[in-house]
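# Structural overview for review
The residues making up each chain are set out below.
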Amino acid sequence: MSKGRYEGMSAPEMLLLGQAVLDSQPFSRLLGAQMTEFSLERTTITIELRDELLQQHGFAHGGLVSYLADNALTFAGGVQLSGQVVTAEMKINYIRPAVGQRLVARAQALSGGRTQAVARCEIYAVKDGEEVLCAAA
């Protein structure tokens, strides 16, 4: 797996680069997405939940959960491809309602080739400091 662009970068340098790319997305800024980890091994993105991001039953909107998975997967896959990438396909399973104060998406690449990478992501709802798996993509 080629990681050329990122090889030799320190963890803080990679995180700064990842957050800068995330910040360049107006939608990510609107949602308040924060990258808390970006490395050759894993990408972690978080969002603090607020009323505007909830659906009528009081838990995180499914579109928000899907957004987190999509972005975390794209960053994790992008490390393998060393370039600008977009999502070609994604499958998400909603396991339980995302209830809490924050959502955390953790993704890692499973494989990477010349033009395509495959990654997986788990999304957790954090309530009172406890993480509960709410979706997988």
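Located above this text is the structure these notes cover.
First things first, this report covers the structure right here in the doc. Here the structure is a predicted model, which is why all the values come from computation and not from measurement.

Moving on, we get to the pairing of strand β6 (residues 130-136). As paired strands, strand β3 (residues 93-94) and β6 are joined by two bridges and run antiparallel to one another. Among the inter-strand pairings, Tyr94 is bridged to a residue of β6, identified as Ala135. In this sheet, β6 lies alongside strand β5 (residues 117-127) in antiparallel orientation, the contact comprising six bridges. If you follow Ile123 over to β6, its bridge partner there is Ala135. Hairpin connection, β5 to β6: the antiparallel pair is bridged by two residues, and Asp128 has positive phi, about 50°.

Counting residues in each nonpolar core, the largest one holds 33 residues, and the members touching the most others are Leu64, Leu103 and Ile123. Sorting the residues of this core by element identifies α1 (11-23), β1 (34-38), β2 (43-48), α3 (62-81), β4 (102-112), β5 and β6 as the ones contributing at least two each. Ranked by residues supplied to this core, first place goes to α3 with ten residues. Once residues lying within four places of it in the same chain are set aside, the contact partners of Leu64 are Leu31, Ile47, Leu49, Leu53 and Leu103.

Calculation rules
- Residues numbered from 1 in each chain as written.
- Predicted model: local features only at pLDDT ≥ 70, side-chain atom pairs only at ≥ 80, totals over all residues.
- Heavy atoms only, no water.
- Pairing = 2+ DSSP bridges.
- Helix = DSSP H or I, 4+ residues; strand = E, 2+ residues; numbered from the N terminus.
- Core = buried A, V, L, I, M, F, W, Y, C linked by side-chain atoms within 4.5 Å.
- Buried < 20%, exposed > 50% of the residue type's maximum accessible area, 1.4 Å probe, protein only.
- Contact = heavy atoms within 4.5 Å.

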